[in-house]
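Below are the chains, spelled out letter by letter.
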Amino acid sequence: MTEITVNGRIHEVAVEPETPLLWVLRDTLGMTGTKYGCGIGQCGACTVMIDGQATRSCQVPVESLGAAKVVTIDAIEDDEVGRRVVDAWVSVQVAQCGYCQSGQVMAATALLKGNPRPTDRDIADAMTGLCRCGTYNRIAEAVRLAAG
Amino acid sequence: MSSFDHPSFTAAAGLVRTAGVTNVSRRGFLGFGAGALVLGALLPSGGALARAEGPAAVAPRPGTRVAAFLEIGPDGSARLLSPFVEGGQGISTGLAQIVGEELDLHPARFTVDCAPPGPDYAVVNGLRLTGGSFSTRSSYGVMRRLGATARDMMIRAAAVRLNVRRDELATEDGRVVHAKSGRSLGYGDLAADALVLKPDEAVQLRDPATFRYIRQPMGRLDARAKSTGKTVYPIDQKVDGMLYAAVRHAGHLGTEPLALGNEPEVRGMPGVHSVHRLPGAVAVAADSWFRARKAVEALDVTWSEPRPTGIDTVAADYSSGGMLAALKASKEAGIPAEKDGDTAAAFAGAAPTVEAEYDAPYLAHAQLEPPSTIARFNADGTLELWVPNQMPEVFQAVASGIAGLRPEQVIVHSPTLGGFFGRHFMYAPANPFPQAILLAQATGRPVKVLWSREEEFLMDAVRPLSFSRFRAALDGRGQPSAVEVRTVGEGPIGRWFGEVIKSPVDSSAVEGLVEKPYAIPNRSFSFVKLAHPVTIAFWRSVGHSMNDFFYEGFLDEIAEAGGRDPFELRMELLKDRPRHRDLLSAVADLSGGWRRGPYEAGDGRRARGVAMASPFGSETATIAEVSIENGQARIHDIWIAVDPGSVVNPAIVVSQVESAAALGVSATLFEEMAYEGGTRQARNYDAYPILTRDAMPRIHVRIVESGAPMGGVGEVGLPGVPPAVVNAVAALTGQRIRSLPLSKARLSGV
Ligand code: FES
Ligand code: FES
C-alpha cells in the first residue's frame, strides 16, 4: 500500500512502487482528466502539479511521491489561479480536440503561480507540451490574458 | 477525400445501395479491409431498419426524421444527435448553430453527441462519414430544414394546447408565444406532443438576412469541458468489470507470433489475467493497463520470418528509400488523369523546357490520443463497442462480422476524439477494435484495449509516400504552354474503396495535380498504380497534402525558368478566374503587399513564397515568410486567404485554418515515417518530431466569402503551406527543395 495525496485527499493505492503516477491517477483512482500521450516525458499531456511544480506524471514513480501534494486538472477550478487560467482558455477558444489541454492548463497554472507576470520567454520555456492541433499561439495568448 | 463527391463514387455507392442488402461475409481477421466489404457495410441492413421503424417501414430519407436527431428536455435544453464525430473540428458547435437558428433555440442550450449507427444519419451524399471536410457543407441544407421542421412541430403542438390558430403563434428562443393572449409554452413542455407529429415537408426556412446564430463567431460548446479535463475521450471510457489489455505487434507487418517462450512466468506477474496470441500480435489482459503493458513487454515472442526481399510485402529489407526508388523506376505506361491540347506539339517547339522530380514521405497521424476500444458482450447477445471511428456504420458492420453477429446486434458508441486527421477510418490492421472483440470473447469479460504510443507509431496507417515527375514547355514570353505530370503510387481511396469505385485513376493520388485553375493550354497528366505494402491512410488534406507542394513548387520553377515573378505569373495564368485572382489579391493585401525578396528584416535576410490550392471545394492562397537559422528554415509568418464560399462559424473556420496550417508546417519542416530493414524507425515523439511551440509561426487568416457553393474547411489550410514555404526558401537561398521534410536539407544562409 502506498499513500498519496491528490487534490487534498489521501488515497491508499495497492500498486507496484514503480507504477507511474499517471496510471495510478487514471486506472486506480479513475481520475481520467490527466491524459496519456507518449509515456516518455515528451508530450506533456500528463502534466500535474506536484507541490506546485508542473510535472509530467508519466515520469513519476508513485513511490517517489512521499508526502508531496498532487493537484490534477480535475480540481483545477478549486484553485484561484487555475480558474483564471481556465477562463482565459475559454475566452481565447484555445481547445480544438482538447486532448493536450489538461496538461497545458496545468503547466500554465503552475507557471502563473510561481511567476504572475511571465515574459514571452518565460511562457515559451514553461509551455513545452505538444499540441497536434497546433494551438500554440492561442495557448500563449491565453497565458498572457490570465496573467492580466 | 474530395473524391467522395466524385461522380464515380456516388454512382458506385448508389448502385450498391439499390442492389439491396449486401452480404457482409465474415472474413479472416486481416482480410476485412477490402473496399467492397467496407462499402457494403454502409448499407442499412433489413434488420436495422426493422428495429428502427417497425417491420413495414421504408428507409427514412436521411436527415428528415426529427425524433432521430432531437431530444428536448423538460427544461427546454436540447440534445442533438449528430451524424458526425467531433474530434476538434468544431462540427458539434456548428450543427447547434444551424439547427438552433431554424428551431429558434440558442446554440448554447444544446448538447451534441454522435448518433448511433442508423440510416437517418447518412447525410453525406447518402453515406455517413466524418471526413473529406464534408460535414458542414454536406449537411447544411438538411440540418436547417430539420431545425425548421422541428420548430413547425412545436408550433402545431402549441396551437392544439392553447386552442389557437397556428398563424397566431411565433417562437422566441425555446418558447412558442401567443402574443394576443400573452400566453406561451416552452419547447420542453411541448416536446412530447410535438415530436410525434408528422413532419411537414414544405416548411419555410428562415431568411438568411435575419440569421442570429449562423455566420456568428460563437464560442465552442465544448470549450470549458476541454479546458478542465472533463471531456471523456475513448481512452477515458470504462465499464464495470472490465479488463485492461496491452498488445505488442509484429515488427514486420504481416508476420505472426509463433511461440511464447515464457508464458507461465508472464501469467504469474502481478495483476495478470491471461496471455493471448492475436493475428499479428500478442496481448496480455490484466487488472490495470500498466500491469498489462509490463507483462506484454516481458513476453518472449518468436515471430515468423518476413519475406527476404521485394515490395509486395513489408519484407526483411523493405525501406522507404527502396520504395521511392521503385516508384521512380516504374516504366509502366500511365493511365490518363487529365488531358487537354497537344503536349507533344508544344514540347516540340519549346525553348526552354523544365523538368523535375518531387517526392514526399510516409507520415503518421500522431494525434495525441493513442487509440483504444472497449468491447463488451451483453447478456442479450449484443456486442457494445466504445470505439474511435469516422464511420460508425462501417465499424458496426465489420465488428459484427468479426463477432459472428448481425450488424444490428452491435451497439456503437463514438466518443469525442483526441484528434484524428484521418486516423480513425477502417484500416484493417491499424484499428484496435478487432482485438478488443477477440479478447472479450476469449476472456468472457469486457476488455479495454489501449495501444501504447509505441504500438501506435508502429501500426498507424500512414499518408502514402508519393512521387511525381514534371515536365513543362515555355513559350517565348516565359509562359508555360504545356505541362506533363506522371504520378506513380497509390492513394487511400483506391486502397480502401477501390473494389467498388473501380476508377482506374485514384483520385486521392492525383488531387492537387489535376483540375488546376491555371490557363495552361496543353496538359497531359498520367497515373501509374504501384501499391504500397504498408497500411496507407487518409491524412489531413489527403492527396493535396503532397500534390499541391509538388505542383506549386514546380510552378515556381517554371516562373524562374521564364524569368517571371511567381506571383505575377500566377495572376496572369488566372486571368479568366476572378475568384482566384481576388483570393490572390486578398492574401497579398493581408501580408502587406506581395514582395518576394530576399530583403533585410533587421535580424537577417528573409524571403517570401506564394502558393494556391483548391482543396475540398474551397480555394486558398498562401504566403509564407522564412529566414535561415543554422542551416534550417525558420518560418516567421504565414498568411492565408481562404474562400469556402460561405461559412457557418467564422471563428471556428479561422481556428481550423490555423490548425491545418500548423500541421502543414510540421510536415514541411520535420515529419517522416521512415522504414529500414522492414521496420518503422520511429516509435514515439522523440524519433518522430512534430511541430513544437518554438517553431510555430504566426498565422494570419482572412476569410473571403465569394458566395460560391459551400466548400470544406477542416483540411483546407494545409495544402498551400508546404509549397509557400519551399518557394520562400528557394527565393532566399536559391535551393529548390523537391523532397520533404526540409530538415533533411542543409540550407545555406546566403
Ligand atoms: S504522457 Fe507524459 S509526457 Fe507524454
Ligand atoms: S488541442 Fe488537440 S492536441 Fe492540443
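Nothing here was measured: the structure is a model prediction, and the numbers come from that model.

All right, on to the overall build of chain A then. From N to C terminus, chain A includes five helices and five strands. In chain A, the order of α-helices and β-strands from amino to carboxyl end is β-β-α-β-β-β-α-α-α-α. Taken over C-alpha atoms, the radius of gyration comes to 15 Å for chain A, in line with the 15 Å a tight globule of 148 residues would show. In terms of principal-axis extent, the alpha carbons of chain A reach across some 45 × 30 × 25 Å. Counting the 148 residues in chain A, one finds 61% classified as buried. Put simply, 56% of the contacts in chain A that link residues at least 6 apart link residues at least 24 apart. Summing over all exposed atoms, chain A offers an accessible surface of approximately 5,400 Å²; the carbon and sulfur share of this is 48%. With 13 positive and 17 negative side-chain charges, chain A shows a separation of 8 Å between the mean positions of the two kinds.

Attention shifts here to the overall build of chain B. If you tally the helices and strands in chain B, you get 22 helices and 27 strands. What you see for chain B is a C-alpha radius of gyration of 27 Å, in line with the 27 Å of a compact globule of 750 residues. Dimensions of chain B along its principal axes, counting C-alpha atoms only, are 80 × 75 × 55 Å. Sorting the 750 residues of chain B into buried and exposed places 64% on the buried side. Counting contacts in chain B only where the partners sit at least 6 residues apart, residues at least 24 apart contribute 76% of the total. Looking at chain B as shown, the accessible area adds up to about 25,600 Å², and 51% of this sits on carbon and sulfur atoms.

Moving on: the packing of aromatic side chains. All names here are of chain B. If you walk through the whole model with that rule in mind, you get 22 aromatic pairs over all chains. Relative to Tyr675, the ring of Tyr318 has its centre 5.4 Å away and its plane inclined at 80°; by these criteria the two rings are edge-to-face. Here the residue Tyr318 occupies a position in the loop between β11 (301-303) and α11 (320-329), and Tyr675 occupies one in strand β25 (residues 675-676), the gap between them amounting to 357 residues. Like Tyr318, the residue Tyr675 is buried in the burial classification. With a centroid separation of 5.5 Å and an interplanar angle of 80°, the aromatic rings of Tyr358 and Phe549 are classed as edge-to-face. Taken together, the positions of Tyr358 in strand β13 (residues 353-360) and Phe549 in helix α18 (residues 544-561) put the pair 191 residues apart, joining distant regions of the chain. Of the two residues, Tyr358 and Phe549, both sit in the buried class.

It is worth spelling out the sheet that holds strand β19 (residues 480-489) of chain B at this point. Residues and elements named next belong to chain B. Pairing is mixed across the open sheet formed by five strands, whose spatial order is β12-β20-β19-β18-β13. The sheet is open, and its two edges are formed by β12 (335-340) and β13, each paired on a single side. Strand-to-strand twist in this sheet, taken as the mean axis angle between neighbours without regard to direction, amounts to 10°. Contacting β13, β18 (466-474) and β19, α11 crosses the sheet at an angle of about 40° to β18.

Another aspect to go through is unusual backbone geometry. Residue and element names in this part refer to chain B. Note that the residue after Gly597, namely Pro598, is joined by a cis bond; omega there is 0°. Along the chain, Pro598 turns up in the loop between α20 (578-590) and β21 (599-600). At the junction of Leu740 and Pro741, the peptide bond is cis and its omega measures out at 0° in the coordinates. Positive phi, normally seen in glycine, also occurs at Ala428, with a value near 40°. Of the residues examined, Ala428 reaches a relative accessible area of 7% and is grouped as buried.

This brings us to empty space enclosed by the protein. All names here are of chain B. Applying the stated criterion across every chain, the model contains ten cavities of 30 Å³ or more. Space inside the largest cavity adds up to approximately 570 Å³. What lines the largest cavity is a set of 41 residues, and nearest its centre among them are Gln89, Ser133, Gln656, Val713 and Gly714. Breaking the lining of the largest cavity down by element, the ones donating at least two residues are α5 (91-103), α6 (135-162) and α21 (650-669). A per-class count over the lining of the largest cavity returns 17 nonpolar, 21 polar and three charged. Taken domain by domain, the lining of the largest cavity gets at least three of its residues from each of domain 1 (66-227) and domain 2 (322-362 + 463-744).

Moving on: the interface of chain B and chain A. Each partner contributes residues to the interface: chain B has 62 residues there, and chain A has 48 residues. Taken together, both faces of the contact between chain B and chain A bury some 4,300 Å²; the carbon and sulfur share is 53%. Taken as a group, Phe290, Leu368 and Arg693 of chain B account for 19% of the area that chain B buries against chain A, more than any other trio of residues on that side. Summed over the shared surface of chain B and chain A, the result is nine salt bridges. Two residues, Asp87 of chain A and Arg224 of chain B, come together in a salt bridge whose shortest N-O distance is 2.7 Å.

Right, let's talk about the domain arrangement of chain A for a bit. Residue and element names in this part refer to chain A. Here chain A is described as being made up of domain 1 (2-73) and domain 2 (76-147). Between domain 1 and domain 2, the residue contacts involve 17 residues of the former and 13 residues of the latter. Put simply, domain 1 and domain 2 have zero salt bridges between them. Scanning the region where domain 1 abuts domain 2 turns up five residue pairs in polar contact (both at pLDDT 80 or more). Listed by contribution, the elements that provide at least two residues to the side of domain 1 that touches domain 2 are β3 (47-50) and β4 (53-56).

Residues and elements named next belong to chain B. One finds Phe110 and Phe433 to be the most contacted residues of the largest nonpolar core, which totals 243 residues. No other element matches α6, which puts eleven residues into this core. Every residue in contact with Phe433, bar those within four places of it in the chain, is listed here: Thr373, Leu385, Val387, Phe395, Val398, Ala399, Ile402 and Met426.

Okay, the pattern of salt bridges next. In a structure, side chains of opposite charge can pair up when their charged atoms sit close to one another. Following the criterion strictly, the structure yields 59 salt bridges over all chains and no others. Two residues, Arg212 of chain B and Glu101 of chain B, come together in a salt bridge whose shortest N-O distance is 2.9 Å. A residue pair is termed long-range when its members are at least 10 positions apart, and Arg212 of chain B in the loop between α7 (187-194) and α8 (223-227) and Glu101 of chain B in helix α5 qualify at 111 residues. Arg212 of chain B sits in the partly exposed class, given a relative accessible area of 30%. With its nearest N and O atoms 3.1 Å apart, the salt bridge here joins Asp460 of chain B to Arg423 of chain B. In this pair, Asp460 of chain B is assigned in the loop between α15 (453-459) and β18 and Arg423 of chain B in the loop between β16 (410-413) and α14 (433-443), connecting sequence segments 37 residues apart. The same class applies to Asp460 of chain B and to Arg423 of chain B, which are both buried. In the salt-bridge network here, residues are joined through shared partners; they are Glu77 and Asp87 of chain A together with Arg224 and Lys230 of chain B.

Residues and elements named next belong to chain B. Buried within helix α16 (residues 492-501) are the following residues: Pro492, Ile493, Trp496, Phe497, Val500 and Ile501. Down the axis of α16, the buried set is contained in an arc of 120°. They therefore lie on one face. Just downstream of α16, Lys502 is the residue with a positive phi angle, here 55°.

All names here are of chain B. The element strand β22 (residues 605-613) is extensively covered by neighbouring structure, given that eight of its nine residues are classed as buried. Pairing between β21 and β22: two bridges, direction antiparallel. Of the residues in β22, the one forming a bridge with Glu600 is Arg605. A loop of four residues connects β21 with β22, the two strands running antiparallel in sequence, and Gly602 in this loop sits at a positive phi of about 85°. Sheet topology places β22 next to strand β23 (residues 619-629); seven bridges connect them, and they run antiparallel.

About the cut-offs
- Residues numbered from 1 in each chain as written.
- Chains lettered and ligands numbered in written order.
- Predicted model: local features only at pLDDT ≥ 70, side-chain atom pairs only at ≥ 80, totals over all residues.
- Heavy atoms only, no water.
- Helix = DSSP H or I, 4+ residues; strand = E, 2+ residues; numbered from the N terminus.
- Rg over C-alpha atoms; globule rule 2.2 N^0.38 Å.
- Buried < 20%, exposed > 50% of the residue type's maximum accessible area, 1.4 Å probe, protein only.
- Contact = heavy atoms within 4.5 Å.
- Areas by Shrake-Rupley, 256 points an atom, 1.4 Å probe, with all protein chains shown as cover.
- Lys, Arg positive; Asp, Glu negative; His and termini not counted.
- Charge placed at Lys NZ, Arg CZ, Asp CG, Glu CD.
- Phe/Tyr/Trp six-rings, centres within 6.5 Å; stacked < 30°, edge-to-face > 60°.
- Pairing = 2+ DSSP bridges.
- Axes fitted to C-alpha atoms, helices over the stretch in contact; angles between N-to-C directions.
- 1 Å grid on protein atoms, 1.4 Å probe; cavity = no way out; pocket = protein on both sides within 12 Å on 5 of 7 lines; lining within 4 Å.
- Points joined across faces, edges and corners; volume = space filled by probe spheres on them.
- Nonpolar A, V, L, I, M, F, W, Y, C, P; charged D, E, K, R; others polar.
- Domains from an automatic or database assignment.
- Buried area = accessible area lost by both parts, 1.4 Å probe.
- Salt bridge = Lys/Arg side-chain N within 4 Å of Asp/Glu carboxyl O.
- Polar contact = N/O pair within 3.5 Å; in protein donor to acceptor, adjacent residues only side chain to side chain.
- Core = buried A, V, L, I, M, F, W, Y, C linked by side-chain atoms within 4.5 Å.
- Arc of directions from axis to C-beta.

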